[in-house]
Every structure is written in structure tokens, then in C-alpha cells.
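An overview of the molecular structure
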Amino acid sequence: KAFSDSLKPLLKDEGRYFRRSASYVAPIINRYWEAIREVCPEPFDAPENSVMLKTTGVVTLHSILPRVVQMIGTDSPQKSDFVKILSKIDSIKDYSNWQSPDGEYSRMTGLKGCLIIKMELLDELEDVMKQVAA
């Protein structure tokens, strides 16, 4: 439920993929998660020990997807496009952030916690943009 609910902002009015078909959006979401898995595989190997694949992770990672896609510059990015950007985001790559129960993000719950993580990730994305532009 958390996974599907976290996609709603992408799909509703003014969302990145508003009025796009499921057959168009699903492969993009799949490639995004394949890239996340490549960049930080540990949560996928032991999901019970991580918040990345729980509400906190899916909500925050889906919330930054529109900005990642915007940075890539195409509405239909490939896995390699996602990996190129996500591999530069230390907070995503660092498994210790996502570990449960001791990781920094495991202590951030609810909307406020997700917002704090989202802002941290967006700040890092902006730093990546500055590096690319330089």
C-alpha cells in the first residue's frame, strides 16, 4: 500500500506522469528501482533490516523521482541514466542510513521524517547538478 500510495503525486494533476498509461509509467518505475538496487544492493538482500523498502524509503525515493528525471532530461529514462545520477548521491548509497533499527533514516518516521530525508536527498541532487554544470 505504501508503495502504490507514494506514486500518487507522480500520477495526479500536475504530476510528472499525469495522464500517462500504466504501461508507460511502470517500466520507468521498474528501471528506477533497478538502479537503486544497483547503487545500494544491501536493502534488497535483507529487506527486514532496512527501511529503504518500507514506507520511509519508498515515499522519499518516489518523491525525488521527478527531480531525478528532470535532471536526466528525458521523460523515459533508462536504468543507466538513473544509475549515473543516483550513484552520486551519498545518502542513497550509504546502507548505514537505511539500516534498521540503528540507521539515521530508520528513526525518521511519518510525514515529517520523510520530508527531512527528501530535503536531504534533494540538496545532494542539487550539488550533483552543480558538479555536472561546472
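A short tour of the structure in this document, coming up. Just so it is clear, the structure is predicted and the values come from calculations on it, not from any experiment. (Residues numbered from 1 in each chain as written. Predicted model: local features only at pLDDT ≥ 70, side-chain atom pairs only at ≥ 80, totals over all residues. Heavy atoms only, no water.)

**Section: the overall build of the protein**
Summing up its helical and strand segments, the protein has 8 helices and 0 strands in all. Reading the secondary structure of the protein in the N-to-C direction produces α-α-α-α-α-α-α-α. Overall, the C-alpha framework of the protein stretches about 40 × 40 × 25 Å when taken along its three principal axes. Counting every position in the protein, which comprises 134 residues, the buried fraction comes to 41%. Excluding contacts between residues fewer than 6 apart, the proportion of contacts in the protein whose partners are at least 24 apart in sequence is 64%. For the protein, the exposed surface amounts to about 7,300 Å²; the carbon and sulfur share of it is 52%. Taken as two groups, the 18 positive and 19 negative side-chain charges of the protein have centres that lie 6 Å from each other. (Helix = DSSP H or I, 4+ residues; strand = E, 2+ residues; numbered from the N terminus. Buried < 20%, exposed > 50% of the residue type's maximum accessible area, 1.4 Å probe, protein only. Contact = heavy atoms within 4.5 Å. Areas by Shrake-Rupley, 256 points an atom, 1.4 Å probe, with all protein chains shown as cover. Lys, Arg positive; Asp, Glu negative; His and termini not counted. Charge placed at Lys NZ, Arg CZ, Asp CG, Glu CD.)

**Thoughts on the nonpolar core**
One recurring pattern in soluble globular proteins is that nonpolar side chains are buried together. Counting residues in hydrophobic clusters, the biggest one holds 37 residues, and the most contacted among them are Tyr32, Trp33, Leu61, Ile64, Phe82 and Leu86. Breaking this core down by element, the ones donating at least two residues are helix H1 (2-11), helix H2 (22-39), helix H4 (55-72), helix H5 (79-86), helix H7 (95-98) and helix H8 (110-133). Ranked by residue count, the leading element in this core is H2, at 8 residues. Not counting chain neighbours up to four residues away, the residues in contact with Phe82 comprise Ile28, Arg31, Tyr32, Ala35, Leu65, Val68, Val69, Ile72 and Pro77. (Core = buried A, V, L, I, M, F, W, Y, C linked by side-chain atoms within 4.5 Å.)

**What to know about the side chain of Ser91**
For Ser91, the position within the fold is in helix H6 (residues 90-93). Ser91 gets classed as buried once you look at its relative accessible area, which sits at 6%. At 3.4 Å, the side chain of Ser91 forms a polar contact with the side chain of Tyr105. Apart from the residues lying within four places of it in its own chain, the contact partners of Ser91 are Asn97, Trp98, Tyr105, Glu120, Leu121 and Glu124. (Polar contact = N/O pair within 3.5 Å; in protein donor to acceptor, adjacent residues only side chain to side chain.)

**Quick look at the state of the cysteines**
The tally for this structure, following the rule as stated, stands at 0 disulfides. Cys40 takes part in no disulfide bond, and the closest cysteine sulfur, belonging to Cys114, lies 17 Å away. (Disulfide = S-S within 2.5 Å.)

**Observations concerning the packing of H1 against H4**
Orientation of H1 relative to H4, taken along the N-to-C sense of each, is 20 degrees, at an axis distance of 9 Å. Taken together, the axes of H1 and H4 lie roughly parallel to each other. Taken as a pair, H1 and H4 cross one another with a handedness that is right-handed. Residues Ala2, Phe3, Ser6, Leu7 and Leu10 of H1 lie in contact with H4, whose contacting residues are Thr55, Val58, Val59, His62, Leu65 and Pro66. Grouping the constituent residues of the contact of H1 with H4 by class yields 8 nonpolar, 3 polar and no charged. (Axes fitted to C-alpha atoms, helices over the stretch in contact; angles between N-to-C directions. Parallel < 35°, antiparallel > 145°, perpendicular 65-115°, else oblique. Left-handed = near helix turned anticlockwise from the far one by under 90°. Nonpolar A, V, L, I, M, F, W, Y, C, P; charged D, E, K, R; others polar.)

**With respect to H4**
Over its 18 residues, H4 extends 25 Å from the first C-alpha to the last, a length consistent with the 26 Å expected when each residue adds 1.5 Å. Along H4, the sharpest kink reaches roughly 35 degrees, centred on Leu65 and followed within four residues by the proline Pro66. Within H4 the residues assigned to the buried category are Thr56, Gly57, Val58, Thr60, Leu61, His62, Ile64, Leu65, Val68, Val69 and Met71. (Expected span 1.5 Å × (residues − 1). Bend = angle between axes of the 7 residues up to and from the residue.)

**Here's the deal with H2**
With 18 residues, H2 extends 25 Å between its outermost C-alpha atoms, agreeing within 8% with the 26 Å of an ideal straight helix rising 1.5 Å per residue. Turning to H2, its buried residues are Val25, Ile28, Ile29, Arg31, Tyr32, Trp33, Ala35, Ile36 and Val39. Here the buried face of H2 lies against H1, helix H3 (42-45), H4, H5 and H6.

As far as function goes, none of this settles anything; it's purely spatial.
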